[in-house]
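Summary of the model geometry
What follows is the residue order along each chain.
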Amino acid sequence: MRERINKIGIKSILLAVFLLIFITVITSSVSAANGCVAGDPVCGSTPTNNCDVTQNTTFNTGTYNLANGVDICANNIILNCNNSLINSSVVSSTGIFNDRYDNVTIKNCNTNGYRYGIYLSFVACTNFSYANIIENFSAKNANTGVLIQNNGLCQHNTSHIIRNSNLSSNVKGIEIGNPYNNVVYSNFIAKNGDSGIL
């Protein structure tokens, strides 16, 4: 009987250790792909893969093959892609990722081939979150052209504007997790496989 209990105890411990290692590996691989991480390059006028936008930035017009896109990493900034194409063949990543930074404008950006073209995630709810997404072209992304997600507690502290953008040939054109105080107008939303606005 005691041997059986010991075998069960050892198996449980090994399983717990395995799960802990697995979760650590998965979490680190997700955060390395998108998000503001110490050691990431800072975006300048010529973006590099997984670079961080930390101040007002205007890209040189061009085509940039960035498997992990770019990350917004500061409040009160403007990212002007200057009609550049940010392209990827890694469908699990995000073209432009903003995790909790407020008063951000993303404009003149063309994203293609990502899971999400532009992804805004406001989970902390510490500030009034505001994003202005204007004159962008987000197409042929594996899931959504523009995704806005809040944790549900932020519903009265958010205000996002999506305007003059072309959100076509994605699975979903625009998906807004909490549809409070958002303005969507003068956009072209067509040929999305699942839905135009969700």
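Residues numbered from 1 in each chain as written. Predicted model: local features only at pLDDT ≥ 70, side-chain atom pairs only at ≥ 80, totals over all residues. Heavy atoms only, no water.

Quick look at the environment of Ile72
Tracing the sequence through the fold places Ile72 in strand β4 (residues 70–72). For the pair Ile72 and Cys51, spaced 21 residues apart in the sequence, the C-alpha separation amounts to 8.9 Å. Setting aside chain neighbours within four positions, we find Ile72 in contact with Cys36, Val53, Ile77, Leu79, Ile96, Phe97, Asn98, Tyr101, Val104 and Ile106. (Helix = DSSP H or I, 4+ residues; strand = E, 2+ residues; numbered from the N terminus. Contact = heavy atoms within 4.5 Å.)

Here's the deal with the side chain of Asn108
Inspection of the secondary structure assignment puts Asn108 in strand β7 (residues 104–112). Taking the relative accessible area as the measure of exposure, Asn108 reaches 13% and is therefore buried. One polar contact links Asn108 to Asn80, side chain to side chain, over a distance of 3.0 Å. Those residues in contact with Asn108 that lie beyond four places of it in its chain are Asn80, Cys81, Asn82, Asn83, Ser84, Ile134, Glu135 and Asn136. (Buried < 20%, exposed > 50% of the residue type's maximum accessible area, 1.4 Å probe, protein only. Polar contact = N/O pair within 3.5 Å; in protein donor to acceptor, adjacent residues only side chain to side chain.)

As for the nonpolar core
One finds Val70, Ile72, Leu79, Ile96 and Ile106 to be the most contacted residues of the largest nonpolar core, which totals 29 residues. Put simply, the parts of the chain that give this core at least two residues each are β1 (51–53), β4, β5 (78–87), β7, β8 (116–122), β9 (129–134), β11 (144–150) and β14 (172–176). Ignoring anything within four residues of it in the chain, the contact list for Ile96 reads Val70, Ile72, Leu79, Cys81, Ile86, Ile106, Cys109, Thr111, Gly117, Ile118 and Tyr119. (Core = buried A, V, L, I, M, F, W, Y, C linked by side-chain atoms within 4.5 Å.)

Side note on the pairing of strand β6 (residues 94–99)
The side chains of a regular strand alternate, residue by residue, between the two faces of the sheet. Counting buried positions over the six residues of β6 gives five, a clear majority of the element. Here β4 pairs with β6 via three bridges, running parallel. Within the sheet, the bridge partner assigned to Asp71 lies in β6 and is Phe97. (Pairing = 2+ DSSP bridges.)

Points about the state of the cysteines
What makes a disulfide is a covalent bond joining the sulfur atoms belonging to two cysteines. With the rule as written, the count across this model stands at three disulfides. One disulfide bridge connects Cys43 with Cys51, the sulfur atoms lying 1.9 Å from each other. With the S-S dihedral at roughly 85°, the linkage between Cys43 and Cys51 falls on the right-handed side. On the accessibility criterion, Cys43 (5% relative accessible area) is buried. The class of Cys51 is buried, set by a relative accessible area of 0%. Each disulfide pairs two cysteine sulfurs, and for Cys81 the partner residue is Cys109, the sulfurs being separated by 2.1 Å. Disulfide Cys81-Cys109: the torsion about the S-S bond is 80°, which places it as right-handed. Residue Cys81 is found in strand β5, and its partner Cys109 is found in strand β7; the two are separated by 28 residues along the sequence. Residue Cys109 is classed as buried on the basis of its relative accessible area of 1%. (Disulfide = S-S within 2.5 Å.)

Notes on the environment of Asn136
Inspection of the secondary structure assignment puts Asn136 in the loop between β9 and β10 (137–139). Residues Asn136 and Ser165, 29 residues apart in the sequence, show an inter-C-alpha distance of 4.6 Å. Those residues within four positions of Asn136 in sequence are excluded, and the remaining contacts are Ile106, Lys107, Asn108, Cys109, Ile118, Asn164, Ser165 and Asn166. For Asn136, the side chain forms a polar contact with the main-chain oxygen of Ile106, separated by 3.1 Å.

Some words on the confidence of the model for the chain
Confidence in the prediction for the chain averages 79 pLDDT; 73% of positions are at 70 or higher. Here residues 123–128 is a poorly scored stretch, pLDDT under 50, and it has 13 contacts once near neighbours within four places are set aside; other chains count. (pLDDT = per-residue confidence, 0-100.)

Some points on the pairing of β14
Counting buried residues in β14 gives five out of five residues, a clear majority hidden from the surface. Where β14 meets strand β17 (residues 195–197), two bridges bridge the pair, whose relative direction is parallel. Residue pairing in the sheet places Lys172 in a bridge with Ser195 of β17.

Let's talk about the pattern of salt bridges
Applying the stated criterion across every chain, the model contains two salt bridges. For Asp99, the salt bridge goes to Arg100, with nearest N and O atoms at 3.2 Å. Measuring nitrogen to oxygen at the nearest pair gives 3.2 Å for the salt bridge that ties Glu175 to Lys172. The exposure classification of Glu175 matches that of Lys172, with both residues buried. (Salt bridge = Lys/Arg side-chain N within 4 Å of Asp/Glu carboxyl O.)

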